[in-house]
Number of protein chains: 2
Amino acid sequence: MTAGRVPVERRRRRPTKAGTVLTEELIVDCALRLAGEHGAEALSVRRLGAALGCDPSALYRYFHDTDDLLLAVADRIIGESMEGFVPEGDWLDGLRAMARRVYAGYSRHPRIAALAAYRVTRRPHEFRAVDTGIGLMLEGGFDEADAVRNYAAFIDTVLGHAALDAAHLALAPERRGADTRAWADAYQALPSATHPRLAQVRGQLPLMGESSFETALGLFLAALEVRAAGAAG
Amino acid sequence: MTAGRVPVERRRRRPTKAGTVLTEELIVDCALRLAGEHGAEALSVRRLGAALGCDPSALYRYFHDTDDLLLAVADRIIGESMEGFVPEGDWLDGLRAMARRVYAGYSRHPRIAALAAYRVTRRPHEFRAVDTGIGLMLEGGFDEADAVRNYAAFIDTVLGHAALDAAHLALAPERRGADTRAWADAYQALPSATHPRLAQVRGQLPLMGESSFETALGLFLAALEVRAAGAAG
DNA sequence: GCCCTTATGTCAACACCATTGACGCAATGT
DNA sequence: ACATTGCGTCAATGGTGTTGACATAAGGGC
């Protein structure tokens, strides 16, 4: 009935045919579990309905459409990642810890992350995380505009790497293997006549198959430290 | 017939019902055009077949499956991006120019980029680009392992931002608007009691809606310059 | 110039998918 | 006890990728 998500307090709770009582929370739980166990392709309205023991169309009483559901799941992941986070040490340590938490959180749910990492959830857990992150930038001594700009660059870098690595993890095993092996196979085979630099570093190419998140994070934060010193001094 | 992509030189060329003669190249062209004109959701085997004037299943004679086709399209984008690229200035200028080219290339095809930016195409244009990029790192004075590691971090950062921004551009207009407005609406409305840092920088929040690519790129390259000086000295 | 082989375009079918409108049960407030 | 209505269910629509069997025409050998 295209009514979409019911905003106000829900009153009538009728158990489904299978006996469970649906909740926005329960649905998000189930979606997360389902996507984790069997691929992201298992995350369809139909399978979700089957797993919950209800008719697929029942979900439309709780979420406007699948995108809406996806955002709810993404916000849950942000919440999990940042739960109990209290920055320790200086602002750089705080940012580093936050980056690792967010990255790890999305890595724990690669199938979802690949779809949702780049979205703005506009939901409570995200609000809290952005508040925390911008707070750390302000601690670093940046003015308000730079704090926001730097936070945007920071979180986009983290999310970009998270999405990249998650997408790789989320590939079907056969495909993931092919992508990883590419660096040891296809790239090894290129002749030095046409690809001299590749041939030169041939022995190191398997490094391309590993995550570059920590390298990129280290570089980013080092640059931020320099810039903060400049802003203060 | 599940034969998949025909590897060797194709001999018999039979025109389709509509008279066109299919080619791997022609199909990639058409896919790129189709995804550009009407959303990425328009990029389906059936629509592609319709646009080419052939039966949808004919495409399976040229590509093993849609993922295979996607990689071919992605490689074409890389080729377009790097076409005629000759690094000018020092290695940092070269990396900056390369980053901007790749970012722009994917931005020109956001619907594809959102799907393909994180894949390894294992195809000629990608080989060439990686060879070029690692060459620039070697010019910077890094040893072979660091050159590969830094190139991985570099290209992943660029691709991550490209995918992030592309995914945003690729959203349905109504959804994109909602995501962008979030920073000016939902985030503005949060009370300073619960979200003090957000309230403090309230005026600057719309900056979050803009791309952070240039900021992140600047920071990344600045850090790389410092590290290169350390490696040399 | 014919025939044989085979590459490749076409057809039909399968098993999925998201979404919607009508329907009706049952839980709730009176 | 009743009326209201939230919400779970059903059925249907129009999309998707992929496959196997089939038919046809192109090209090579003679």
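Residues numbered from 1 in each chain as written. Chains lettered and ligands numbered in written order. Predicted model: local features only at pLDDT ≥ 70, side-chain atom pairs only at ≥ 80, totals over all residues. Heavy atoms only, no water.

Moving on to the overall build of chain A. Along chain A, the regular secondary structure elements total 10 helices and zero strands. Listing each helix as α and each strand as β along chain A from the N terminus yields α-α-α-α-α-α-α-α-α-α. Structurally, chain A occupies a C-alpha span of about 65 × 50 × 30 Å along its principal axes. Of all 233 residues assigned to chain A, the portion counted as buried reaches 51%. (Helix = DSSP H or I, 4+ residues; strand = E, 2+ residues; numbered from the N terminus. Buried < 20%, exposed > 50% of the residue type's maximum accessible area, 1.4 Å probe, protein only.)

What follows deals with the side chain of H109 of chain A. Residues and elements named next belong to chain A. With respect to the secondary-structure elements, H109 resides in the loop between α4 (91-108) and α5 (110-116). Under the relative-accessibility criterion, H109 is labelled buried at 15%. A polar atom in the side chain of H109 sits 3.2 Å from the side chain of E80. (Polar contact = N/O pair within 3.5 Å; in protein donor to acceptor, adjacent residues only side chain to side chain.)

Attention shifts here to the environment of T66 of chain B. All names here are of chain B. One can find T66 in helix α3 (residues 66-82). The exposure class assigned to T66 is partly exposed, which follows from its relative accessible area of 46%. For the pair T66 and L43, spaced 23 residues apart in sequence, the C-alpha to C-alpha distance is 9.9 Å.

This brings us to a negative patch on the surface. Together, D90, D93, E139 and E225 of chain A make up a region of like negative charge exposed at the surface. Checked against the element boundaries, E225 of chain A lands in helix α10 (residues 213-232). (Patch = residues over 30% accessible without salt bridge, like charges linked within 9 Å, V, L, I, M, F, W, Y side chains within 5 Å. Areas by Shrake-Rupley, 256 points an atom, 1.4 Å probe, with all protein chains shown as cover. Salt bridge = Lys/Arg side-chain N within 4 Å of Asp/Glu carboxyl O. Lys, Arg positive; Asp, Glu negative; His and termini not counted. Charge placed at Lys NZ, Arg CZ, Asp CG, Glu CD.)

This part covers helix α7 (residues 144-170) of chain B. Residues and elements named next belong to chain B. Counted at 1.5 Å a residue, the expected span for α7 with its 27 residues is 39 Å, and the 37 Å between its end C-alpha atoms agrees. Buried residues dominate α7, accounting for 21 of its 27 residues. By the N-cap criterion, in which a side-chain oxygen at the helix start approaches the backbone nitrogen of a residue two or three places on, α7 is capped by D143, the distance to A145 being 3.2 Å. (Expected span 1.5 Å × (residues − 1).)

On to the UniProt feature "DNA-binding region" (unreviewed entry) in chain A, then. The UniProt entry lists residues 44-63 of chain A under the feature "DNA-binding region" (unreviewed entry), expressed in the numbering used here. As annotated, residues 44-63 of chain A comprises 40% helix and 0% strand, and the C-alpha atoms at either end are separated by 13 Å. (UniProt positions renumbered as here; feature names shortened; annotations may be inferred.)

Here the focus is the domain arrangement of chain A. All names here are of chain A. Each assigned domain of chain A is listed here: domain 1 (1-64) and domain 2 (86-232). If you look at the interface, domain 1 gives six residues, while domain 2 gives four residues. In total, about 510 Å² of surface goes out of reach between domain 1 and domain 2, with carbon and sulfur atoms giving 65% of it. Put simply, domain 1 and domain 2 have zero salt bridges between them. (Domains from an automatic or database assignment. Contact = heavy atoms within 4.5 Å. Buried area = accessible area lost by both parts, 1.4 Å probe.)

So, on to the packing of helix α3 (residues 66-82) of chain A against helix α6 (residues 124-139) of chain A. Residue and element names in this part refer to chain A. Between α3 and α6, the shortest axis-to-axis distance is 7 Å and the interhelical angle comes to 45 degrees. Relative to α6, the element α3 is oriented oblique. The two elements α3 and α6 cross, and the hand of that crossing is left-handed. Of the residues in α6, those touching α3 at D75, R76, I78, G79 and M82 are P124, H125, E126, A129 and T132. (Axes fitted to C-alpha atoms, helices over the stretch in contact; angles between N-to-C directions. Parallel < 35°, antiparallel > 145°, perpendicular 65-115°, else oblique. Left-handed = near helix turned anticlockwise from the far one by under 90°.)

With that settled, consider the interface of chain A and chain B. Contacts between chain A and chain B engage 59 residues on the former and 59 residues on the latter. Both faces combined, the contact of chain A with chain B buries some 5,800 Å², and carbon together with sulfur accounts for 67% of it. The interface formed by chain A and chain B includes six salt bridges. Residue R197 of chain B is joined to D131 of chain A by a salt bridge in which the shortest nitrogen-to-oxygen separation is 3.1 Å. Between chain A and chain B we count 14 residue pairs in polar contact (both at pLDDT 80 or more) in total. When residues of the side of chain A that touches chain B are traced back to their parent elements, those giving at least two are α6, α7 (144-170), α8 (173-184), α9 (196-200) and α10 of chain A. Taken together, the residues that form the side of chain A that touches chain B break down as 32 nonpolar, 13 polar and 14 charged. (Nonpolar A, V, L, I, M, F, W, Y, C, P; charged D, E, K, R; others polar.)

So, about helix α6 (residues 124-139) of chain B. Residues and elements named next belong to chain B. Under the 1.5 Å per step criterion, the end-to-end length of α6 is 23 Å for 16 residues, consistent within 8% with the ideal 22 Å. In terms of residue burial, α6 counts as a mostly covered element, since 12 of its 16 residues are buried. Listed as buried for α6 are E126, F127, A129, V130, D131, T132, G133, I134, G135, L136, M137 and L138. The first or second residue beyond α6 is G141, which carries a positive phi of 95 degrees.

Let's shift gears to the UniProt feature "domain: HTH tetR-type" (unreviewed entry) in chain A. In the UniProt entry, the feature "domain: HTH tetR-type" (unreviewed entry) is given for residues 21-81 of chain A. Structurally, residues 21-81 of chain A is divided into 62% helix and 0% strand, and its ends, taken at the C-alpha atoms, are 27 Å apart.

Of the transformation superimposing chain A on chain B, the axial component is 0.0 Å and the angular component is 180 degrees, with the fit at an RMSD of 0.1 Å. Such values leave the two copies arranged in the relation of a two-fold axis. It is G160 of chain A whose C-alpha, among those of chain A, lies nearest the rotation axis, at 2.0 Å. A shared interface surface links the copies, since 100% of the contact residues of chain A are contact residues in chain B too. (Least-squares fit on C-alpha atoms with pLDDT ≥ 70 in both.)

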